[in-house]
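One-letter residues, chain by chain:
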Amino acid sequence: MLGIKKKYHIKEESTGDKPSVHGRLMKRNNNNDTHQTSFCLMSDLHKPITDTPWRPVKKAAVSSIAAVLLLIGGVLVSVGWFDTSIFSGLSSYQNIAVGSNSTTPRQKPEFPLECLTNTSNQTQTCPRSYPTIIPAVNNTSNLTCPSFFRWIHEDLRHWKQTGITRDMVERARKTAHFRLVIVNGKAYVEKYRKSIQTRDKFTLWGILQLLRLYPGKLPDLELMFDCDDRPVVRSRDFQGPDARPPPLFRYCADESSMDIVFPDWSFWGWAETNIRPWGNLLEEIKKGNQRTKWKERVPYAYWRGNPSVAPTRKDLMKCNVTDKNNWNTLLYVQDWGRETKQGFKQSNLEDQCTHRSSFYDFFIRGMVPLQHYWPIRDNGKCKSLKFAVDWGNLHPHQAEAIGEAAGNFIQEDLKMDNVYDYMFHLLNEYAKLLKFKPIVPPAAVELCSETMACPETGTWKKFMVESLVMSPSDATPCALPPPYEPQQLREFVERKANSTRQVEMWEDQYWLSSDQKQ
């Protein structure tokens, strides 16, 4: 192929291992330039077919990993925490041993980008060398998806009885940034408006990687995606059996909305803030968490971020240490302009966590108070933070256990394999609800990894190459757990509410006792 850099990549891998295809309050270290995660607090602020297709094997269970703090809530507490936030192809798989029961290493072909050379005047196109199908297997995965996958059923239940019509999809266009269409395993996009920074670009990049991971496995589908933060499909506007709400995908939702929650763009890198793709960043966070032992960490709540983006963050800054009050907190304003000039030296997520608001994303609903995080009151943050830090100092073993459970959740349940499997099951279940045949709009353009990544430069291209799925998975997606039974769901939600109320009772008793001593 003229003007194309081509290489043949072969990766040896033991057949017994499941391949990996490949954010974020924490406890502060005595060393000023290192901060680790542990005890987490959460606030209410918050293509032709190839001759020999890929042959998958059963997914193996993955061993547990410890220690790292899950960054999710408003402010973290416990003895200190914080926030922030070439290429070639292969046309055939002939003579490649895949899916055998042998324990000897086997060769696994890889498919890097096929980019045109810089001297070529040709337009970058989508190569047809990547596998387009994975044949059916005789058995299903023996690995069940994490429990938070059950919320996929809840997010789609609004359309369970009626299905999703084309009219419903079209009504979601009002605020959408783009329409995504997948037909015969290929992705097409019709863009409507510019998103914040490159959110839309890296969201689409992530979907393309999903198609590379599981080629030919997703059915045809058509959807609208809104890349802004706040949900817009309000439940109060769609009541009754004939409500017909528009199905709109976005990164987060809340209890009073019907937006369909999807993994956010930063799992493939946030180029504007130099936050690396999640697959590699996760390992860095794990190493960062091991730098300082729990007992050696400074007993303060630590937070770094931009307070200007939300009133609740501005309110948080009132909890900083002053001559009159010591709330056991160290809160710092993140100057993104200065960070950009200095190369984001103070913004590494292996040293920090990411603040979340009262909105939930796709995985937070699987977390439980007192198991994965410590809840912080939205009204009365300062007192709530001080109590949380004091409780953590008085109960170091319990606090450390919460941090370890959060770390296990991050390292295991939120590993990149599960992010892709969540995307797969969400899109697959969504497609089952469609009452019309998806078609490619006249204004849509075909997308592939080459047309997106090859023209890019700098950090944007670096992160795309870093997060590129190099080979189809030889494992099936994890098994989607069934929907919650109504009673199960009520009990789960009530258990979380009871845990939060328990913390609030302890906090009230703490301050009552403190006031009586004065």
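Residues numbered from 1 in each chain as written. Predicted model: local features only at pLDDT ≥ 70, side-chain atom pairs only at ≥ 80, totals over all residues. Heavy atoms only, no water.

## Examining the overall build of the protein chain
Scanning the protein chain from terminus to terminus reveals 12 helices and 14 strands. Counting every position in the protein chain, which comprises 518 residues, the buried fraction comes to 58%. Carbon together with sulfur atoms contributes 49% to the accessible area of the protein chain, which is approximately 22,800 Å² in total. (Helix = DSSP H or I, 4+ residues; strand = E, 2+ residues; numbered from the N terminus. Buried < 20%, exposed > 50% of the residue type's maximum accessible area, 1.4 Å probe, protein only. Areas by Shrake-Rupley, 256 points an atom, 1.4 Å probe, with all protein chains shown as cover.)

## A short note on the packing of aromatic side chains
Applying the stated criterion across every chain, the model contains 31 aromatic pairs. Relative to Tyr510, the ring of Phe387 has its centre 5.0 Å away and its plane inclined at 55°; by these criteria the two rings are tilted. Of this pair, Phe387 sits in helix H7 (residues 381–394) while Tyr510 sits in helix H12 (residues 486–517), and the two are 123 residues apart along the sequence. With a relative accessible area of 5%, Phe387 lands in the buried category. Pairwise contacts between aromatic rings join Phe148, Phe149, Phe267, Trp268, Trp278, Phe362, Phe363, Phe409, Tyr420 and Tyr422 into one cluster. (Phe/Tyr/Trp six-rings, centres within 6.5 Å; stacked < 30°, edge-to-face > 60°.)

## Brief notes about the nonpolar core
Phe249, Trp268, Trp278, Phe362 and Tyr430 are the most contacted members of the largest nonpolar core, which has 92 residues in total. With 11 residues, the single largest contributor to this core is helix H9 (residues 416–433). Residue contacts for Phe249: discarding those within four places in its chain leaves Leu223, Met224, Phe225, Asp226, Ile260, Phe262, Leu426, Leu427 and Tyr430. Judged by nonpolar contacts, the second largest core, of 18 residues, contains Trp294, Trp303, Leu385 and Ala388. (Core = buried A, V, L, I, M, F, W, Y, C linked by side-chain atoms within 4.5 Å. Contact = heavy atoms within 4.5 Å.)

## Here's the deal with the state of the cysteines
Within the structure shown, the criterion is met by 4 disulfides. A sulfur-sulfur separation of 2.0 Å characterises the disulfide bridge that pairs Cys145 with Cys478. Residues Cys145 and Cys478 share a disulfide whose torsion about the S-S bond is about 100°; that sign makes it right-handed. Residue Cys145 is located in the loop between strand E5 (106–110) and helix H1 (151–156), and its partner Cys478 is located in the loop between helix H11 (458–466) and H12; the two are separated by 333 residues in the primary sequence. This pair shows no difference in class: Cys145 is buried, exactly as Cys478 is. The disulfide that involves Cys319 links it to Cys382, with 2.1 Å between the sulfurs. Of note, the bridge from Cys319 to Cys382 carries an S-S torsion of about -90° and is left-handed in sense. With Cys319 in the loop between helix H5 (311–316) and strand E12 (329–333) and Cys382 in helix H7, the pair connects residues that are 63 residues apart, well separated along the chain. (Disulfide = S-S within 2.5 Å.)

## Quick word on the sheet that holds strand E10 (residues 260–261)
Strand order across the open sheet formed by 6 strands is E10-E9-E8-E6-E7-E14, with mixed pairing between neighbours. What marks the edges here is a single partner per strand, and that holds for E10 and strand E14 (445–447). Sheet topology note: the strand E9 (residues 248–250)/E10 ladder contains 2 bridges and is parallel. Paired with Phe249 across the strands is Ile260, a residue of E10. In this fold helix H3 (residues 199–213) packs onto strand E6 (178–183), strand E7 (186–191), strand E8 (221–225) and E14, with an angle of close to 10° to the strand it touches most, E6. Contacts from H9 reach E8, E9 and E10, with the element oriented near 110° to E8. (Pairing = 2+ DSSP bridges. Axes fitted to C-alpha atoms, helices over the stretch in contact; angles between N-to-C directions.)

## Some remarks on H9
Taking 1.5 Å per residue, 18 residues should reach 26 Å; H9 reaches 26 Å between its end C-alpha atoms and fits that length. Burial within H9 is extensive, with 17 of its 18 residues counted as buried. (Expected span 1.5 Å × (residues − 1).)

## Overview of unusual backbone geometry
Within the chain, Gln197 stands out as a residue other than glycine whose phi angle is a positive 50°. Note on placement: Gln197 falls in the loop between E7 and H3. For Arg244, which is not glycine, the phi torsion reads 55° and is therefore positive. With respect to the helices and strands, Arg244 occurs in the loop between E8 and E9.

## With respect to the pattern of salt bridges
Applying the stated criterion across every chain yields a total of 26 salt bridges. We note a salt bridge from Arg276 to Glu284, for which the minimum N-O separation is 1.9 Å. Residue classification places Arg276 among the partly exposed positions, given a relative accessible area of 26%. For Glu284, a relative accessible area of 21% puts it in the partly exposed group. (Salt bridge = Lys/Arg side-chain N within 4 Å of Asp/Glu carboxyl O.)

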